[in-house]
Amino acid sequence: MKAIMFSSPSPALTLAISITIFSAFLIAPSSSTPRLLSTLSPPKHPFLRYHNGPLLKGNYSINLIWYGKFIRSQQSTIIDFIQSLSPNALTPSQPSVASWWRTIDNYNPQAGPTNLELLSQVFANKYNYGRSLKSSDIVALSNIIQGPDQINLVLTSADVTVDGFCSSRCGMHVRGKYAASYIWVGNSASQCPGKCAWPFHQTPPLKAPNRDVGVDGMVINIATLLAGAVTNPSGKGYYQGSAKGPLEAVSVCAGVFGAGAYPGYPGKVLVDPKSGASFNAYGLNGRKYLLPAMWDPTTLKCSPLV
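Residues numbered from 1 in each chain as written. Predicted model: local features only at pLDDT ≥ 70, side-chain atom pairs only at ≥ 80, totals over all residues. Heavy atoms only, no water.

Rule in force here: UniProt positions are given in the numbering used here, feature names are shortened, and annotations may be inferred rather than shown by experiment.
Taking an unreviewed UniProt entry as the reference, the protein chain is identified by name as Protein EXORDIUM-like 2 belonging to Acorus calamus. You can read under Subcellular location (unreviewed entry) in the UniProt record for the protein chain the words "Secreted, Extracellular space, Apoplast". One UniProt comment on the protein chain, placed under Sequence similarities (unreviewed entry), says "Belongs to the EXORDIUM family."

Encoded structure:
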């Protein structure tokens, strides 16, 4: 893994697909009024139809583009999560985060698995585009690293605002022109934790497993968008509903984190007896995470880890 100094990006690209994801609620593209989780239920019969388009299958490298200020513990929480998705086969104990990701392999299994490796990091901590970003700024940041087998993940810190952040989205994934996919996720800790960091910010709240509501919420949204980017990269993959506002591999299971989930209740999850933190997955280096359920095409159900 290598670190890259920030440099001026290439001209902004045209967004091909923008998926708006809330951990707590989804907003339809044609609607200006959010639907709270208390009124939102996953489809009674979630079913993702394959629309015969390409999927991201094979080996892909992930590049993290840190925009703004992230402390070391925040970076390590996200890095450990990324590295837990496809750990080396020689890793003594395979983390359950990897088991969650392997559900992706059930999407068009004839095409083989999807393996992810953390390749490089870019640190843009001087706010080169300011603290209020437009969508075109996100795309320009995404374009810093180019390569057909690259997934570029832009992460914005809690003091950075982005067009539509909190009002209509917590992140997006975009079809790549110079990379396989572009993903953006923001830290909502100071802006809208009740929306983008649910269920760590609810009544009563679950305790974040890494003691950081904003970053643990980011992990949920990163997981959601990575799954969507791989299974529906160009809008012709697996989804339910309209192509303009699709429900994808994880977003079709909105609000489900454990068995017995229903709108407003994430389901039964594990609780660390020492810290009281809620989680359902183990990662590398002893990390704990709370991951959303993913729709499994072999069982045709939303499958939480616990």
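## Some words on the overall build of the protein chain
Heads up, the condition is: Here a strand is any run of E in DSSP of at least two residues, a helix any run of H or I of at least four, and the numbering for each starts at the N terminus. Buried means the residue's accessible area, taken with a 1.4 Å probe over protein chains only, is under 20% of the maximum for its type, while exposed means over 50%, and partly exposed covers the values in between. For this analysis, residues touch if any pair of their heavy atoms sits within 4.5 Å.
Counting its secondary structure elements, the protein chain contains 5 helices and 16 strands. By the burial criterion, 56% of the 306 residues in the protein chain qualify as buried. For the protein chain, contacts bridging at least 24 residues in sequence account for 74% of all contacts bridging at least 6.

## Points about the pattern of salt bridges
We apply this condition: By definition here, a salt bridge exists when the distance from a side-chain nitrogen of Lys or Arg to a carboxyl oxygen of Asp or Glu is within 4 Å.
Scanning all chains against the criterion turns up 5 salt bridges. D105 serves as the salt-bridge partner of R102, at 2.4 Å between the closest nitrogen and oxygen. Owing to a relative accessible area of 15%, D105 belongs among the buried residues under this scheme.

## A closer look at the environment of A227
Among the secondary structure elements, A227 is positioned in helix 5 (residues 213-231). A227 gets classed as buried once you look at its relative accessible area, which sits at 0%. Measuring from C-alpha to C-alpha, the distance between A227 and W101 comes to 8.1 Å, with 126 residues separating the pair along the chain. When near neighbours in sequence (up to four residues on either side) are disregarded, A227 contacts W101, I104, A249, V250 and M294.

## Concerning the state of the cysteines
Note the threshold: Note that a disulfide, as used here, is simply two cysteine sulfur atoms within 2.5 Å.
Tallied over the entire structure, the rule returns 3 disulfides. The side chain of C170 participates in a disulfide bridge whose partner is C196; the two sulfur atoms lie 1.9 Å from each other. Because the sign of the S-S torsion sets the handedness, a value of about -90 degrees for the bond joining C170 and C196 places this disulfide among the left-handed ones. With C170 in the loop between strand 7 (161-162) and strand 8 (171-175) and C196 in helix 4 (residues 193-196), this residue pair connects regions lying 26 residues apart in the sequence. Neither residue differs from the other here; C170 and C196 are each classed as buried. Through a disulfide, C253 is tied to C302; the S-S separation comes to 2.1 Å. Between C253 and C302, the S-S torsion sits near -90 degrees, and that sign places the bridge as left-handed. Taken as a pair, C253 in the loop between strand 10 (238-239) and strand 11 (270-271) and C302 in strand 16 (residues 301-303) lie far apart in primary sequence, 49 residues in all.

## Remarks on the pairing of strand 3 (residues 58-67)
Each regular strand carries side chains that alternate between the two faces of the sheet. Rules: By definition, two strands form a pair when at least two bridges between them are found by DSSP.
Among the 10 residues in strand 3, 8 count as buried, and that is most of the element. Where strand 3 lies against strand 4 (residues 114-124), 10 bridges are found, and the strand directions are parallel. Residue pairing in the sheet places N63 in a bridge with S120 of strand 4. Two strands pair when backbone bridges link them, and strand 3 and strand 6 (residues 147-156) are joined in this way by 7 bridges, in the parallel orientation. Its bridge partner lying in strand 6, I62 is registered against I151.

## Section: unusual backbone geometry
Of the consecutive residues W198 and P199, the connecting peptide bond is found in the cis state with omega at 10 degrees. The topology assignment puts P199 in the loop between helix 4 and helix 5. Of note, the phi angle at Y127 is positive, near 55 degrees, even though the residue is not glycine. Along the chain, Y127 turns up in the loop between strand 4 and strand 5 (132-133). Here the phi dihedral of N285 falls at roughly 60 degrees; this positive angle occurs in a residue that is not glycine. Take N285: it is sitting in the loop between strand 13 (281-282) and strand 14 (288-289).

## Section: the packing of helix 1 (residues 72-85) against helix 5
To keep things clear, this is the line we draw: Fitting a line to C-alpha atoms yields each axis, with helices limited to the stretch in contact; the angle taken between N-to-C directions then spans 0 to 180 degrees. Angles below 35 degrees are treated as roughly parallel, those above 145 as roughly antiparallel, those between 65 and 115 as roughly perpendicular, and all remaining angles as oblique. Crossings are assigned a handedness: left-handed for a near helix turned anticlockwise from the far helix by less than a right angle, right-handed for a clockwise turn. Throughout, the ten residues Ala, Val, Leu, Ile, Met, Phe, Trp, Tyr, Cys and Pro are labelled nonpolar, Asp, Glu, Lys and Arg are labelled charged, and all others, Gly among them, are labelled polar.
One way to put it is that helix 1 packs onto helix 5 with a least axis distance of 10 Å and a crossing angle of 30 degrees. With respect to helix 5, the axis of helix 1 lies roughly parallel. Remark: the crossing between helix 1 and helix 5 carries right-handed chirality. Together, Q74, T77, I78, F81, I82 and L85 of helix 1 and V215, D216, M218, V219, I222, A223 and L226 of helix 5 make up the contact between the two elements. The residue makeup of the contact of helix 1 with helix 5, split by class, is 10 nonpolar, 2 polar and 1 charged.

## With respect to a nonpolar patch on the surface
Keep this limit in mind: Residues form patches when they are more than 30% accessible in relative terms and have no salt bridge. Like charges link within 9 Å. Nonpolar side chains (Val, Leu, Ile, Met, Phe, Trp, Tyr) link within 5 Å. For the accessible areas, the method is Shrake-Rupley and the probe is 1.4 Å, while residue cover comes only from the protein chains on display.
A cluster of nonpolar side chains, L270, Y282 and V306, forms an exposed patch at the surface whose accessible area comes to about 230 Å². Take Y282: it is sitting in strand 13.

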